[in-house]
Amino acid sequence: MLTINLNTDWEFSQAALNEWRPACIPGTVHTDLLALGLIEDPFYRTNEKDQQWIDKTDWEYRKSFRLETSVLDHKSIELCFQGLDTYAFVFLNDHLILKTENMFRQWSENVKPYLQEGDNQLIVYFQSPVRRGMSEQKAYGMRLPAVNDQSGNGGVGPNKVSVFTRKAGYHYGWDWGPRFVTSGIWRPVELKVWNDFRIKDLFIHQERISGEKALLNFQLNVERYGSGSLFVVIDSLSEEFTPFSGSFDVACGEQTLSVPITINNPRLWWCNGHGAPEMYDFRVIVSDASGHQETRKLRIGLRSIKLVREPDADGESFCFELNGRKIFAKGANYIPNDVFLPRVTVADYRKVLADAVAANMNMIRVWGGGIYENDIFYELCDEMGIMVWQDFMFACSLYPGNEEFLDNVRQEAVENVIRLRNHASIALWCGNNEIHTMWAWHSDQDPLGWKGMFSYEQRSKVNQAYEDLFHDILPEVVTKYAGGIDYWPSSPQAGCAVDQFADAATLESGDQHYWGVWHGLHPFSDFDQNVGRFMSEYGFQSFPEFESVKRYTIAEDWDIESEVMAAHQRSGIGNLRIKEYMAREYLVPDDFEQFLFMSQVLQAQGIKRGIEAHRRNMPRCMGSLYWQLNDCWPVASWAGTDYYRKWKALHYAARRAFEPVLIAPVLKDQKLSVFIVSDLQEAFVGTLKVKTMNFSGKKGSSLHQRVTVNPNTSNNVLETDIQALTKRLNRKESFLQLSLEREGNEKISTILYFVTPKEMKLTENPKIKTSFYEAENKGIMLKVESDSLIKDLMFFVPDENVLFSDNCFDLIPGEPRVLFIETTLQLKNLQKHLVWRHLKS
């Protein structure tokens, strides 16, 4: 097959103005206008509100390209758009060849009859997605709820038309994102040229996988002109099985050829922390009697993965089993990396996913208000050992149920399941985000008042659409095309049946979104009681660091209640909610920069408590995915890394809380309960040490105990009254240090305090000593020490994206810490620019 790239030399114009300017493909109208200086940076200050006119306008793109007779003589020439956003009319040499209405689909059309030797002109006309959405809403006959559609910011009042368009929901705004309703050719465009036959699709169905044997079925979907024999060769660069070669009689049209392959003692794909993500490189060569040949290469991991839901003493389990091993899922929810999707580079994807691996994560939930990600995202998840919980693209809204909409969704689902099904990382397909709990059809509850919006007849119509989408169409597609991957109808939900409703009190089965902390104003301690079988959402907000905030503000904006800071906070309660929680635990600083920092400390403290509660309840709870990993623009949000890919305090805290072995103690009144959680596959014996110390480093009483830690579970290794340890302590000036030592391994430790940070009598203006040195093959190392407790010590290097092996930690007096630093800076410059903050800054 010959592929001709058509991504260059495009122009665009506002429709009917005929003012043609250079365009970048893949791209969007907004980014093309920005590149030409026709609009200002959409993310700067409040520029967003001045750019809402763009999505109310139609736009045109055009390109001329030349073709020679040698190309035109081929039997088939297809024009392929990998992604059109969204309502597009495609003209080739003045012929309307394609109409599109789904951002998530790929579009191919046989254009051989319309092409000509020499110059050809391609025009793509984009209708305004907002005005078209208004028309679709009118035709449907009623408004549908979409709680995060910022229609007011978009200037269209109560018309939340996002639900009528198969387009990324977050483009219409969310409670962490702006409103930029884009249009454009957002993925590559090309001509595919072929003659007698082609490989249209290759699916390697993993029928049965174990450590002893992998039974695979190579399913080749071939298309050909005429009938005759095709010769097929299947081999692998690793030569770990006997290559296949054979001949097939193939009729005219499409046909699927099936080739069984067995690999003995296969190298299995494992998720991060449980083994290597082993990959195989397969090659398929198809040829015909005339010597025409096509080769398809595919890199996959071999694994068995399933969602285990079994009755038990606590209700019903919810656990992922990989290669026969039950896995505690550690990770976060993922949103698109930018509002303007074509700006996301391979380096961006690699950075975000490498950050997840560095934080000991083994699962990412691709949330349903964004996109089915680009192929490179899943390729990197395969390489890095990250399991993917994949939502279909529906979130927090109700959707139409007319035949055209349902057919559009069905094809969208088929295309994306087929596109992603060879990836070892895909662990689950989920129908939607939170719609089941918001709609609450099979419950007496009406949490958002949605039922009250409709008459009885309308409610029945809306519910039928819900059941058609999430209990008929999508599970049927997954069953038919996903190769055995499980389907879950909605997150959260108590079970697969449509009437298995889950609310905040449903902790016995299914997955759980716990938002009592944050939305419900519950204290962080409530994380301990609200532990479901799988925690797929929970979170707390913080601000980006000051250097990030400076990139979208000016000095007059540096107040959390300023217009600009409010514009970069999309949860209406957000900035003051952070301050309210902060006042419970800390002295609220007046200094703006210190307030930003303390918001990160607060967020890290809350999510750490949640993770520890979830892991402590293992194996009853078998997953902890906090909201959220990343940001799509610079904003105060729930993310652990900001838009500029800088780690917040949360990401460092998550790395510690997701370590393979974790000390997760609970101190209630005078009773100390010590849990040691292990993801390891073998038991070990270690020494648990509990000691008291004051903030100046004076050591008090201690106890030592040999403990046995069982594998892949939570172990309650100590229950004791600490009165004897603490009876002579000033609890405002002291802490408990718990450590675990085992032969041949680095000591792990944690700290418990007796009072809240605002009650602690910490040293004013403490002295911190730092020293730098370079270590062979380890880069720059920083040694830091103090003779008094430094609470929440965090290092920064302004204007540089620097990673530390640990950060935002409590520095114990008399116990130096050595940090490894990932940076492109020379040692001299790092010493010059390094700064830090802590609780008493």
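Parameters at a glance
- Residues numbered from 1 in each chain as written.
- Predicted model: local features only at pLDDT ≥ 70, side-chain atom pairs only at ≥ 80, totals over all residues.
- Heavy atoms only, no water.
- Helix = DSSP H or I, 4+ residues; strand = E, 2+ residues; numbered from the N terminus.
- Rg over C-alpha atoms; globule rule 2.2 N^0.38 Å.
- Buried < 20%, exposed > 50% of the residue type's maximum accessible area, 1.4 Å probe, protein only.
- Contact = heavy atoms within 4.5 Å.
- Lys, Arg positive; Asp, Glu negative; His and termini not counted.
- Charge placed at Lys NZ, Arg CZ, Asp CG, Glu CD.
- Pairing = 2+ DSSP bridges.
- Disulfide = S-S within 2.5 Å.
- Polar contact = N/O pair within 3.5 Å; in protein donor to acceptor, adjacent residues only side chain to side chain.
- Expected span 1.5 Å × (residues − 1).
- Arc of directions from axis to C-beta.
- Axes fitted to C-alpha atoms, helices over the stretch in contact; angles between N-to-C directions.
- Phe/Tyr/Trp six-rings, centres within 6.5 Å; stacked < 30°, edge-to-face > 60°.
- Lys NZ or Arg CZ within 6 Å of the ring centre and 35° of its normal.
- Salt bridge = Lys/Arg side-chain N within 4 Å of Asp/Glu carboxyl O.
- Left-handed = near helix turned anticlockwise from the far one by under 90°.
- Nonpolar A, V, L, I, M, F, W, Y, C, P; charged D, E, K, R; others polar.

A.B. asks: Mind showing me how you'd approach the overall build of the protein here?
C.D. replies: In terms of regular secondary structure, the protein is built from 15 helices and 45 strands. Against the globule reference of 28 Å for 841 residues, the protein gives a C-alpha radius of gyration of 29 Å, in line with a compact fold. Over its C-alpha atoms, taken along the principal directions, the protein stretches across nearly 90 × 65 × 65 Å. Looking at the protein as a whole, 60% of its 841 residues qualify as buried. Across the protein, every contact between residues at least 6 apart in sequence was considered, and the portion connecting residues at least 24 apart equals 70%. A distance of 6 Å separates the average location of the 90 positive side-chain charges in the protein from that of its 111 negative side-chain charges.

A.B. asks: Any chance you could explain unusual backbone geometry here in plain terms?
C.D. replies: Of all residues except glycine, most have a negative phi; of all peptide bonds, most are trans. Going from I25 to P26, the amide bond is cis rather than trans, its omega being 0°. If you trace the backbone, P26 turns up in the loop between β3 (21–23) and α1 (29–35). Of note, the amide linkage connecting M618 to P619 takes the cis form, showing an omega dihedral of 10°. Mapped onto the secondary structure, P619 falls in the loop between α12 (592–616) and β30 (623–626). With a phi close to 50°, N323 is a non-glycine residue in the positive phi region. Mapped onto the elements, N323 comes out in the loop between β21 (319–322) and β22 (325–327). Although it is not a glycine, C396 adopts a positive phi angle of roughly 55°. Secondary-structure assignment places C396 in the loop between β25 (387–391) and α6 (403–420).

A.B. asks: How should the sheet that holds strand β39 (residues 769–775) be read in this particular structure?
C.D. replies: Across a sheet, paired strands are connected by hydrogen bonds in the backbone, their directions being either parallel or antiparallel. Taken in spatial order, the four strands line up as β39-β40-β44-β42 in an open sheet, and their pairing is antiparallel. At either end of the open sheet lies a strand with only one pairing partner, and these are β39 and β42 (803–804).

A.B. asks: What is the right way to read the state of the cysteines from this model?
C.D. replies: Working definition of a disulfide: a covalent bond connecting the sulfur atoms of two cysteines. If you walk through the whole model with that rule in mind, you get zero disulfides. Just so you know, C252 is unpaired, no disulfide at all, and the nearest cysteine sulfur is the one on C80, 19 Å from it. Residue C252 is classed as exposed on the basis of its relative accessible area, which comes to 56%. This cysteine, C271, is not joined by any disulfide, and C319 carries the nearest cysteine sulfur, 11 Å off.

A.B. asks: Help me understand the environment of Y280 in this model?
C.D. replies: Here Y280 lies in strand β16 (residues 280–288). Overall, Y280 belongs to the buried group, its relative accessible area being 0%. Measuring from C-alpha to C-alpha, the distance between Y280 and G301 comes to 6.0 Å, with 21 residues separating the pair along the chain. Each residue touching Y280, except ones within four places of it in the same chain, is listed here: S238, E240, I263, P266, R267, L298, R299, I300 and L302. Polar side-chain contacts of Y280 include one of 3.5 Å to the side chain of E240.

A.B. asks: I would appreciate a short explanation of the side chain of H651 in the present structure.
C.D. replies: Along the chain, H651 falls in helix α13 (residues 649–657). In this view, H651 contacts D355, A356, A359, M361, Y626, L629, G640 and T641; residues no more than four positions away in its chain are not counted.

A.B. asks: Hey, could you run me through helix α4 (residues 346–358) in this one?
C.D. replies: Over its 13 residues, α4 runs 18 Å from end to end, which matches the ideal 18 Å to within 8%, given 1.5 Å per residue. Among all positions of α4, only D348, Y349, V352, L353, D355 and A356 are buried. Buried residues of α4 fall within an arc of 150° about the axis and therefore sit on the same side. Close packing links the buried residues of α4 with β23 (329–334), β24 (363–366), α5 (375–384), α13 and β42. Note on α4: the residue one or two positions beyond its end, N360, has a positive phi of about 65°.

A.B. asks: Help me out: how do you make sense of the sheet that holds strand β12 (residues 213–224) in this one?
C.D. replies: With antiparallel pairing, the three strands of this open sheet are ordered in space as β11-β12-β15. Every interior strand has two partners, whereas the edge strands, β11 (197–209) and β15 (253–264), have only one. Each neighbouring strand pair of the sheet contributes to a mean axis angle of 20°, computed without reference to strand direction. Pairing of β12 with β15, which is carried by twelve bridges, proceeds in the antiparallel orientation.

A.B. asks: What's the story with the environment of M535 in this structure? I'm lost.
C.D. replies: Topologically, M535 is positioned in strand β29 (residues 535–537). A sequence separation of 206 residues divides M535 from A329, and the C-alpha atoms of the two residues are 9.4 Å apart.

A.B. asks: I'm lost on the packing of aromatic side chains in this one. Help?
C.D. replies: Each aromatic ring pair is characterised by the separation of its centres together with the angle its planes make. Scanning all chains against the criterion turns up 60 aromatic pairs. Geometrically, the ring pair formed by F244 and F248 is tilted, given 6.4 Å between the ring centres and 45° between the ring planes. We classify F244 as partly exposed; its relative accessible area is 23%. For the pair F735 and Y753, a centre-to-centre distance of 6.0 Å together with 55° between the ring planes defines the contact as tilted. Residue F735 is located in strand β37 (residues 734–741), and its partner Y753 is located in strand β38 (residues 748–753); the two are separated by 18 residues in the primary sequence. An identical accessibility class is assigned to F735 and Y753; each is buried. Here the aromatic residues F43, F180, F340, W633, Y643 and Y644 are joined through ring pairs into a cluster of three or more. Sitting over the face of the ring of Y581, R584 holds its NZ or CZ atom 4.2 Å from the ring centroid. One cation-aromatic arrangement involves R742 over F684; the distance from NZ or CZ to the ring centre is 4.4 Å.

A.B. asks: Which parts of the structure should I look at to understand the side chain of Q628?
C.D. replies: In this structure, Q628 sits in the loop between β30 and α13. For Q628, a relative accessible area of 0% translates into the label buried. A distance of 2.6 Å separates the side chain of Q628 from the side chain of W627, its partner in a polar contact. If sequence neighbours within four positions are ignored, Q628 has contacts with W176, A332, N333, I335, S637, W638, A639 and G640.

A.B. asks: What exactly am I supposed to notice about the pattern of salt bridges here?
C.D. replies: When charged atoms on two side chains of opposite charge get close, those side chains can pair. As enumerated under the stated definition, the model contains 54 salt bridges in all. In this structure, E223 engages R198 in a salt bridge whose closest nitrogen and oxygen atoms are separated by 2.9 Å. One end of the pair, E223, is in strand β12; the other, R198, is in strand β11, and 25 residues separate them in sequence. The two residues E223 and R198 agree in class, both being buried. The shortest N-O distance in the salt bridge between D679 and R615 comes to 3.1 Å.

A.B. asks: In this structure, what is going on with the packing of α4 against α5? I would like to understand it.
C.D. replies: Working note: a packed helix pair is described by the angle between its axes plus the distance between those axes. Put simply, α4 and α5 touch, their axes get as near as 10 Å, and they point 35° apart. With respect to the hand of their crossing, α4 and α5 are arranged in right-handed fashion. The residues of α5 that touch α4, namely those facing V346, Y349, R350, L353, A354 and V357, are I376, F377, L380, C381, E383 and M384. Within the contact of α4 with α5, the residues separate by chemical class into ten nonpolar, no polar and two charged.

A.B. asks: What exactly am I supposed to notice about the pairing of β21 here?
C.D. replies: The side chains of a regular strand alternate, residue by residue, between the two faces of the sheet. Taking every second residue as pointing to the same face, both faces of β21 are buried, with C319 and E321 on one and F320 and L322 on the other. With four bridges joining them, strand β18 (residues 305–308) and β21 adopt antiparallel strand pairing. Note on β21: the bridge partner recorded for K306 is E321. Across three bridges, β21 lies against β22 in antiparallel orientation. Opposite F320, over in β22, you have I327 as the bridge partner. Where β21 folds back onto β22 in an antiparallel hairpin, the turn is made up of two residues, including N323, whose phi is positive at roughly 50°.

A.B. asks: Would you mind going over α13 with me for this structure?
C.D. replies: Since one α-helical turn is 3.6 residues long, residues separated by three or four positions face the same way. For α13, the buried fraction is high: eight of the nine residues fall into the buried class. At its buried positions, α13 is contacted by α4, α12, β30, β31 (661–663), β41 (790–796) and β42.

Keep in mind that these numbers describe shape and distance, not what the molecule does.
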